[in-house]
Amino acid sequence: MVRLSGQVNMGYLGYDDGQQSYGNFVDNDNSSTRARIQLFSSPNFDWRFEAIFEVEYQPLASNVVSQLDDRPEWSFDQGDIRKAEAAISNKSYGKLWLGQGSMASDGTAEVDKSGTTVIAYASVSDTAGGYFFRAPGGALSDVTVGDAFNDYDGLSRKFRIRYDTPTFGGFGVQVSYGYDWLVSDPKPMYDVAATYAGTFGDVEVASAVGLSRNDQNESTRFDGSFSALHKPSGISITVAAGEQDAAGPTGYYGYAKLGYEHAFFDAGSTAFSIDYYLGSDIANASSDSSSIGIAAVQNVDAANLKLWLLWRTYSYDEASLSFDRGQAIFGGALVKF
């Protein structure tokens with residue numbers, strides 16, 4: 001069986017750095033524009049084979065655009081290949097993956113049942129990560145939003161071998177070993193993750209933790225997240241935290257989110273959320289970063305469409321300097337095919 005699928009996710013990003021305002025049509029890096037082809041063996045066999053090839057295309061991404069560069073890059077290169085992998089699985093023995101794809105720890109900091117992850121989740125710099133903070137006096141600093149905010153979400157996607165155990169009572173374990181195929185002298189990366197998903201009466205819960213080591217930049221990460229949804233009311237809570245031990249100080253953060261989802265309209269449910277991020281020593285020693293975000297998502301089920309809107313602040317301070325606060329307003333739409 002062959003399946004073709006993908007999504008287009010674009011919008012208008014307005015950003016105020018405390019001195020000047022900017023605006024651009026960009027791709028939403030919270031959930032990028034992408035296309036994939038999947039091949040599956042027959043589901044009637046105990047062992048199942050699948051292969052996936054997935055690419056993204058972002059001429060101008062929401063986490064790249066900045067005060068100094070808002071020019072689209074129309075070329076396609078190796079870094080735009082998200083997945084090129086094959087897997088074999090069995091309900092009793094688990095799943096074995098080989099190729100470019102998610103490491104075991106990918107997503108462990110981003111478990112979220114709020115319904116607004118298309119525009120707001122623990123990786124708060126996906127919206128305006130390329131913009132520079134304004135230093136006292138109004139000059140642009142050399143610190144970007146992406147430098148100051150990080151959810152330390154494992155090892156992302158790499159060329160790896162990965163094994164996922166079967167789930168037992170909702171619990172599962174994943175391990176992987178891989179390399180970054182985009183660097184000239186790749187060094188090993190390896191990780192382990194544990195996940196849980198279950199239902200307790202009217203409450204759905206999901207959680208994950210990950211421990212990862214990246215010999216490429218000699219860093220170790222520990223991260224985790226938890227989310228719970230009360231189905232009758234549509235209220236959800238999400239928390240995430242993580243730290244990275246690398247050259248220099250150990251950076252760490254905490255993230256909390258309150259969500260609400262309800263079917264006000266026949267077209268589809270509407271989700272709202274408010275979140276808060278607080279980090280320390282992420283961009284530099286003795287630095288603090290914080291962000292508040294308010295998001296809304298309207299689902300249009302018949303069209304596989306999500307209409308989304310976000311307002312988010314970014315604050316960054318160092319031991320002896322307080323930088324101007326940035327604000328982003330980001331609105332657009334995601335359509336899946």
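Further up the page is the structure itself.
Residue numbers restart at each chain and count upward from 1, following the sequence in its written direction. Local features in this predicted model are restricted to residues of pLDDT 70 or higher, and side-chain atom pairs are both shown and tallied only at a pLDDT of 80 or more, whereas totals for entire chains, interfaces and linings draw on every residue. With hydrogens and water excluded, all non-hydrogen atoms of the structure serve as input to the side-chain values.

Draft legend 1. Examining the overall build of the chain more closely. In this text, helices come from DSSP runs of H or I with a minimum length of four residues, and strands from runs of E with a minimum of two, each type numbered from the N-terminal end. Along its length, the chain carries 1 helix and 19 strands. What the globule rule says is 2.2 Å times the number of residues to the power 0.38, and the radius of gyration is computed from C-alpha atoms. Relative to the compact-globule value of 20 Å for 337 residues, the chain shows a C-alpha radius of gyration of 20 Å, a close match. Structurally, the chain occupies a C-alpha span of about 65 × 55 × 40 Å along its principal axes. All accessible areas in this document rest on Shrake-Rupley with a 1.4 Å probe, and a residue is counted as covered only by the protein chains that are shown. For the chain, the exposed area adds up to about 15,900 Å²; of that, 59% sits on carbon and sulfur atoms. Neither His nor the chain ends is counted toward charge; the positive residues are Lys and Arg and the negative residues Asp and Glu. In plain terms, the charge of a residue is placed at NZ if it is Lys, CZ if Arg, CG if Asp and CD if Glu. When the 24 basic and 42 acidic side-chain charges of the chain are each reduced to a single mean position, those positions are 8 Å apart.

Draft legend 2. Layout of the pattern of salt bridges. In the sections that follow, a salt bridge refers to a side-chain nitrogen of Lys or Arg positioned within 4 Å of a carboxyl oxygen of Asp or Glu. Overall, the coordinates contain 13 salt bridges when judged by the stated rule. Asp112 is the partner of Lys257 in a salt bridge, and the nearest nitrogen-oxygen pair spans 2.9 Å. In this pair, Lys257 sits in strand E15 (residues 251-265) while Asp112 sits in the loop between strand E6 (94-102) and strand E7 (132-134), placing the two residues 145 residues apart along the sequence. Residue Arg213 is joined to Asp215 by a salt bridge in which the shortest nitrogen-to-oxygen separation is 3.0 Å. Here Asp215 falls in the partly exposed class, since its relative accessible area comes to 21%. Salt bridges here are not isolated pairs; linked through shared partners, they connect Arg36, Glu54, Glu56 and Arg82. In this scheme, a residue with accessible area under 20% of its type's maximum is buried, one over 50% is exposed, and one in between is partly exposed, where area comes from a 1.4 Å probe on protein chains only.

Draft legend 3. Geometry of the packing of aromatic side chains. Aromatic pairing here means that ring centres of Phe, Tyr or Trp (its six-membered ring) are within 6.5 Å. Orientation follows from the plane angle: under 30 degrees is stacked, over 60 is edge-to-face, and everything else is tilted. Taken as a whole and judged by the stated rule, the model has 16 aromatic pairs. For the pair Tyr316 and Phe323, a centre-to-centre distance of 5.2 Å together with 45° between the ring planes defines the contact as tilted. For Tyr316, a relative accessible area of 1% corresponds to the buried category. Members of the aromatic cluster, joined through ring pairs, are Phe149, Tyr152, Tyr253, Tyr277 and Tyr314.

Draft legend 4. Quick peek at the side chain of Thr313. Inspection of the secondary structure puts Thr313 in strand E18 (residues 305-317). According to the relative accessible area criterion, Thr313 is buried, its value standing at 4%. Residue contacts follow a heavy-atom distance rule, with two residues in contact if any of their heavy atoms lie within 4.5 Å. Apart from the residues lying within four places of it in its own chain, the contact partners of Thr313 are Ser290, Ser291, Ile292, Arg325, Gly326 and Gln327.

Draft legend 5. Inspection of the pairing of strand E3 (residues 34-40) at higher detail. Judged by which residues are buried, E3 turns out to be one-sided: Arg34, Arg36, Gln38 and Phe40 face inward and are buried, whereas Ala35, Ile37 and Leu39, on the alternate face, are not. Pairing between strands is defined by DSSP: at least two bridges between them are needed. Of the pairings in the sheet, the one linking strand E1 (residues 2-16) to E3 comprises 6 bridges and is antiparallel in character. By the bridge assignment, Ser5 is partnered in E3 with Arg36. In this sheet, strand E4 (residues 47-56) lies alongside E3 in antiparallel orientation, the contact comprising 7 bridges. For Gln38, the partnering residue across the bridge sits in E4 and is Ile52. With antiparallel pairing between neighbouring strands as the criterion, E3 and E4 make up a hairpin whose turn holds 6 residues.

Draft legend 6. Local environment of the nonpolar core. Among buried residues, those of type Ala, Val, Leu, Ile, Met, Phe, Trp, Tyr and Cys that are joined through side-chain atoms within 4.5 Å constitute a nonpolar core. Core analysis: the largest hydrophobic core is formed by 35 residues, its most contacted members being Ile119, Phe133, Phe149, Tyr253 and Tyr314. Mapped onto this core, the elements with two or more residues apiece are E1, helix H1 (145-148), E15, strand E17 (288-300), E18 and strand E19 (326-336). No other element matches the 4 residues that E18 contributes to this core. Once you skip the residues sitting within four places of it in the chain, Phe149 turns out to touch Val124, Ser125, Phe133, Tyr277, Ile282, Ser289, Ser290, Ser291, Tyr314 and Ser315.

Draft legend 7. Here's a closer look at unusual backbone geometry. Positive phi, close to 60°, is recorded for Ser286, a residue that is not glycine. Position of Ser286 relative to the elements: it lies in the loop between strand E16 (268-280) and E17. Positive phi, close to 50°, is recorded for Asn304, a residue that is not glycine. Tracing the sequence through the fold places Asn304 in the loop between E17 and E18. Judged by its relative accessible area of 48%, Asn304 is partly exposed.

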